[in-house]
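Observations on the model geometry
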Amino acid sequence: MLRLLFQSIEQGLGQSLSQVSWLVFGGGLTLLVFVILVPLWRIRMQYVTARTGMEQRWVMTCGHCGRQALVSGRKCGTCGNDLGIPWMVRLWTASTRKSEGTFLRRLKWGVHLLGSAAFLLFSVWIVTATGSLAPQGALHRLFLGLAFVALAVFGWLAGRALGMRRHGLLARAGDAVMALAAIGTMAVALFLADSARPQQEIPLARFDSIANTAQIGEQVLFLPEGEIGFEYLQLDQENLGYHRIIPLALSGRERIPFQRNALKQRVISHLRKHATGYTARGLTVRLRTDRLRITPGQSYEVVEREGQVLMRNVAIR
C-alpha cells in the first residue's frame with residue numbers, strides 16, 4: 001500500500017520532488033560528515049592549544065579598580081576587594097577555574113576519539129547495510145537524506161550526553177532523550193525509504209512464441225499443449241536471510257537447459273544430489289517448475305521479483 005502511494009506521489013510531483021530530494025540527500029550527507037569530523041578537529045585544536053601553553057579561564061572586570069582579572073577566588077587579584085560573585089555562580093564555575101592535568105586531558109581525548117570511531121563505524125554500517133549511497137528514485141533519496149540528518153543529530157546529542165565535558169546532569173539527560181528520539185526518527189525514515197524503493201527485478205529468461213513453439217535464441221522448443229515450463233533451483237537459509245534462484249531450463253516436449261560453465265554445472269548437480277543433507281543443515285534446496293500458457297505471436301520474459309519467480313508477457317508491466 002505504501003509503495004503504491006509513494007509511486008503516485010513521485011509521478012505527481014515529478015521534477016520538483018527530484019530537486020528537493022537531491023537537496024535533502026546532499027545536505028544530510030554533508031551534515032553527517034560534519035558531525036563525524038568536527039570532534040576530531042576539536043581534539044586536534046585542543047592538543048595544539050595545550051602544547052602552546054594556552055588555558056581557558058574565567059575573566060571579569062573588577063567593580064572597584066576597573067581592571068580585568070582572572071577569577072581565581074572571591075577577591076580581585078589586583079586590588080584585593082571582593083568581586084561580588086554570587087555563590088551560585090561561584091559553585092557553577094568552581095570546576096572550571098583550575099586547569100586540567102595532563103592525564104585527565106589525555107583521558108578525555110582518548111574517550112572522545114573512541115566515541116568518534118564508534119560513531120564512524122556505526123554510520124558506515126548503516127550506510128552500507130541500507131545501500132544509501134545508491135538511491136533509487138526521488139522519494140527513496142529524500143527519505144535517505146532525512147535518515148542522514150537524524151543520524152547526524154543522534155551522533156551530536158549522544159556525544160554531548162556521554163562525553164567527558166563539563167555538562168550538568170539534567171542537560172545530559174535531556175540530550176540522551178533527544179538522541180533516542182533522533183535514532184527513532186532515523187528508523188522511521190529508513191523504513192519509509194525501503195517502502196519507497198522501486199521494486200527490483202532480476203531477468204532470468206526471455207523467449208518468443210510462434211504457433212505452438214517457443215523461440216529461445218536460436219533454439220526452438222515445441223509446446224504441444226501450448227504451455228511452457230520454467231525449471232529452477234531455489235535456495236533458502238532462513239537464519240541468514242539468504243535466498244537464491246538458479247534458472248535451470250525451459251521445458252515443453254523437450255527440455256532446453258541454460259548454458260553454464262563446467263564449474264557452475266558441478267555445483268548445481270551437487271546441490272540437487274545432496275538436497276536432503278543440506279536441508280537438514282538449514283539450507284533448503286528445492287527443485288521447482290512454473291508453467292505458463294502462452295499466446296502465439298507474443299514475447300515473454302521470466303524475472304525474479306522480491307524472491308518470487310514471475311512469468312509474463314513483455315507488453316504487460
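Summarised in this report is the structure supplied together with it. Note on numbering: residues in each chain are counted from 1, in written sequence order. Side-chain atom pairs in this predicted model are given and counted only at pLDDT of 80 or more, local residue features only at pLDDT of at least 70, and totals for whole chains, interfaces and linings cover all residues. Where side-chain values are given, they derive from all heavy atoms of the structure, hydrogens and water being excluded.

**Focus on the sheet that holds strand 10 (residues 299-305)**
- Two strands are said to pair when DSSP picks up at least two bridges between them. Secondary structure counts use DSSP, requiring at least four H or I residues in a row for a helix and at least two E residues in a row for a strand, with both numbered from the N terminus. Spatially, five strands are ordered 5-4-3-10-11 in an open sheet, and the strand pairing comes out antiparallel. At either end of the open sheet lies a strand with only one pairing partner, and these are strand 5 (219-222) and strand 11 (308-313). Adjacent strand axes in the sheet meet at a mean angle of 30 degrees, parallel and antiparallel pairs treated alike. Think of each axis as a best-fit line through the C-alpha atoms, taken over the contacting stretch in the case of a helix, with angles from 0 to 180 degrees between the N-to-C directions.

**Observations regarding the sheet that holds strand 6 (residues 227-237)**
- Strand order in the open sheet formed by four strands is 8-7-6-9, and the pairing between neighbours is antiparallel. Edge strands, defined here as strands with exactly one partner in the open sheet, are strand 8 (255-257) and strand 9 (284-293). For this sheet, the mean angle separating the axes of adjacent strands, direction not counted, is 30 degrees.
- Taken together, the 10 bridges between strand 6 and strand 9 define a ladder with antiparallel strand orientation. Residue pairing in the sheet places Tyr232 in a bridge with Arg288 of strand 9.
- Docked against the sheet, helix 7 (residues 262-273) engages strand 6, strand 7 (242-251), strand 8 and strand 9, running at close to 80 degrees with respect to strand 6. The contact rule is simple, with two residues in contact once any of their heavy atoms fall within 4.5 Å.

**Observations concerning helix 6 (residues 169-196)**
- Spanning 28 residues, helix 6 covers 41 Å between terminal C-alpha atoms, matching the ideal 40 Å at 1.5 Å per step.
- When accessible area is computed with a 1.4 Å probe and restricted to protein chains, residues below 20% of their type maximum are described as buried, those above 50% as exposed, and intermediate ones as partly exposed. Those residues of helix 6 not exposed but buried are Arg172, Asp175, Ala179, Ala182, Met186, Ala189, Leu190, Ala193, Ser195 and Ala196. Expected helix span is taken as 1.5 Å per residue step, with the number of steps being one fewer than the number of residues.

**Examining the pattern of salt bridges**
- Every case where a carboxyl oxygen of Asp or Glu lies within 4 Å of a side-chain nitrogen of Lys or Arg is listed as a salt bridge. Under the definition given, this model contains five salt bridges.
- A salt bridge links Arg291 to Glu227, with the nearest nitrogen and oxygen atoms 3.4 Å apart. Highlighted residues: Arg291 in strand 9 and Glu227 in strand 6, separated in sequence by 64 residues.
- The exposure class assigned to Arg291 is partly exposed, which follows from its relative accessible area of 48%.
- A relative accessible area of 23% places Glu227 in the partly exposed class.

**Points about the pairing of strand 10**
- For strand 10, the buried fraction is high: five of the seven residues fall into the buried class.
- The pairing of strand 3 (residues 201-210) with strand 10 spans seven bridges and is classified as antiparallel. Within the sheet, the bridge partner assigned to Asp208 lies in strand 10 and is Ser299.
- In this antiparallel pair of consecutive strands, strand 10 and strand 11, the connection spans two residues, and Glu306 shows a positive phi of 50 degrees.

**Here's the deal with unusual backbone geometry**
- Backbone geometry places Ala211, a non-glycine residue, at a positive phi of 55 degrees.
- Tracing the chain through its elements places Ala211 in the loop between strand 3 and strand 4 (213-216).

**Remarks on the side chain of Thr213**
- Within the element layout of this structure, Thr213 appears in strand 4.
- Given a relative accessible area of 16%, Thr213 falls into the buried group.
- Under this definition, polar contacts are N or O atom pairs within 3.5 Å; protein pairs additionally need one hydrogen-donor-capable and one acceptor-capable atom, and for neighbouring residues in sequence, both atoms have to be side-chain atoms. Within the structure, Thr213 has its side chain in polar contact with the backbone oxygen of Ile210 (distance 2.5 Å).
- Dropping the residues within four chain positions of it, Thr213 is found in contact with Asp208, Val220, Leu221, Phe222, Leu223 and Ile294.

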